[in-house]
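Here is how the chains run, residue by residue.
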Amino acid sequence: MRGRTNKAKAKNWTWDRWHRRRSLIRMSLALFVLGMAVVLGGDGPSSGRVTKMWISAEIAEDGSARITQVIDYEFGWDDSSGVRLDLPGVFLGQGSARISATEDGAPVQHKLTAQGLRTRIHLGDPDDTGIHRYRIRYTIKDVVHDGKLDWTAIGNGWTIDRDNIEIHVVAPYNLTGIRCVQNNTPWVQKSCTVEEPEPGHLVVKFDRLEAGWLVALHASGTQAGPAREAAAPAPPSGAADGDELVNSALTGLLAMGVALCSALLVVRLLRHVGRDRLAADGPEPAVLTPTTSPPEDLSPAQGGPLLTGRVGIWHQAAWLLSAAVAGHIVLEAGEEYTTVRRETAGDTPADPVTETVLDAMFAGREEFILDVHDWNFGRGWRVLGERLADWQRTSGLWDPAGEHRARMARRIGIVTALLGLAVATLGSVLNAHMSSAGWPVVVAGAVAAGTGLALWLRGWELRTRTARGKALWLQTESFRRFLADWEPPSTDEQSDDGQWPPYPLWALALVIVPPHRWTAMHRHGPVAAVAVLAPMVVPGPSTAAN
């Protein structure tokens, strides 16, 4: 028996600790929700993205054009097939196209395939990650035909949006009647702005071009003669110079970590602010010494809530078994079920609370069997919990100001946690759009979310006891420490009247029980707990009736 008691002491399965663990579980779930919201808010496109596109067409005297495309491409999470892009105006097998390609400044192998009337080039390695710069050069014929410019700079085969687009046309003569057109179908098109920094040089820029839209440049006429030949602009070279997309998974982990640290700091602060300050007669702090006497002014069902700060089902079980010890009910443990029988005559008359609870449990019956499906017993059990909670509120052992602080902390915590979740998600979205404000917003939102969660789930730490409540708490805690090493006596050690000392009821109320007893209660509910523990506290019907 000593080994089992020591194991119970090591586990210390108090209701207060279970409440703290339940709060920790809820906080963990809330932090997981925060992390997932940040991950989803900052998740980039699965097929990758184009962070920069630079295109130029150098028109020759014969109307052909040497095209240069520079594309900064960042691979997405599921992008495992490299980069695929169309080459407008190039036909498969056209040797005069003189196609070449580089990746980050180094030559790279490429593959050409036919997509209807279009030619598609495949670049990159399926294992590529991060952001890379691809440079493709090729020649197309008849960009200028019969004195008119007709060039599709960007085809409509792209399935993703593209950012930071810059298009150049350089011709050895002036261009007149210039038009820029965007369209995704023959029936939907719009114009775009064309700049002409010098004669024979056209420039078109877009901050973003949506998927499926093409861009074409037209000129109704060309004029040779007085215009000097425009200088071809130098294309971007080397590796990509853009910032990589922030990893949304790492952002989510960061937000969870910051929120957790913030929550732990706030919980620490709440426990400091809400702790009971115990006055001492001398300069030395008060020391709790185990005592063999329970507080005289409290019953076991009241001492438990005073110690833990809330009413638990173990306290209700202690009340029910106390009613059996007082003779108001009789518990008869059978092979399969425990029978509960009501007694009208006992050592002490039943108080109004006892009468109300027993009336609800028995509902006009003389006896019933403890069964998890007994509806009347369940109703009486709820009434008992309400009566104990009423006693807790009206006992004068808790400071009303502390209750008010706890309520306000929970309300503020809910609002702050939800606001922090929204702000952290917004920061993740800003990161996905490469905004410098993303990280500070994520951190600020995570701090707010962690603070709110701590206030919401642990605001009850701000409850404080009155002076009388502190004094009774000292007595109860001292007695609990004694019970931590107490062993129930054998039958031979009982008193002459056959009753045990009141220790088992207090041990039950303060939850000094083996862990497997807690597991049985947790799985099967208070009914099973009372049925299992009744023989320990009330050895037999005759003892309960005395």
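To be clear, the structure that these remarks concern was listed above.
Just so it is clear, the structure is predicted and the values come from calculations on it, not from any experiment. (Residues numbered from 1 in each chain as written. Predicted model: local features only at pLDDT ≥ 70, side-chain atom pairs only at ≥ 80, totals over all residues. Heavy atoms only, no water.)

Draft legend 1. View of the state of the cysteines. For the structure shown, the criterion picks out one disulfide. The disulfide partner of Cys180 is Cys192, and the S-S distance across this bridge is 1.7 Å. Judged by the torsion about the S-S bond (-85°), the Cys180/Cys192 disulfide is left-handed. Linking Cys180 in strand E12 (residues 174-185) with Cys192 in the loop between strand E13 (188-191) and strand E14 (195-198), this pair joins segments that are 12 residues apart in sequence. By relative accessible area, Cys180 is classed as buried at 4%. Taking relative accessible area as the criterion, Cys192 reaches 14% and is therefore assigned buried. (Disulfide = S-S within 2.5 Å. Helix = DSSP H or I, 4+ residues; strand = E, 2+ residues; numbered from the N terminus. Buried < 20%, exposed > 50% of the residue type's maximum accessible area, 1.4 Å probe, protein only.)

Draft legend 2. Just the side chain of Thr68, in detail. Tracing the chain through its elements places Thr68 in strand E2 (residues 65-74). Looking at Thr68, the relative accessible area reads 2%, which means it is buried. Polar side-chain contacts of Thr68 include one of 3.0 Å to the side chain of Arg137. Contact partners of Thr68, with chain neighbours within four places excluded, come to Trp54, Ile55, Ser56, Arg135, Ile136, Arg137 and Pro235. (Polar contact = N/O pair within 3.5 Å; in protein donor to acceptor, adjacent residues only side chain to side chain. Contact = heavy atoms within 4.5 Å.)

Draft legend 3. Layout of empty space enclosed by the protein. Inspection of every chain in the model, using the stated rule, returns four cavities of 30 Å³ or more. Roughly 40 Å³ of volume is contained in the second largest cavity. The wall of the second largest cavity is formed by Met53, Ile55, Gln69, Leu85, Asp86, Pro88, Ala153, Ile154, Gly155 and Trp158. Elements with a contribution of two residues or more to the lining of the second largest cavity: strand E1 (49-59), strand E3 (83-86) and strand E10 (148-154). Here the lining of the second largest cavity is composed, by residue class, of seven nonpolar, two polar and one charged. (1 Å grid on protein atoms, 1.4 Å probe; cavity = no way out; pocket = protein on both sides within 12 Å on 5 of 7 lines; lining within 4 Å. Points joined across faces, edges and corners; volume = space filled by probe spheres on them. Nonpolar A, V, L, I, M, F, W, Y, C, P; charged D, E, K, R; others polar.)

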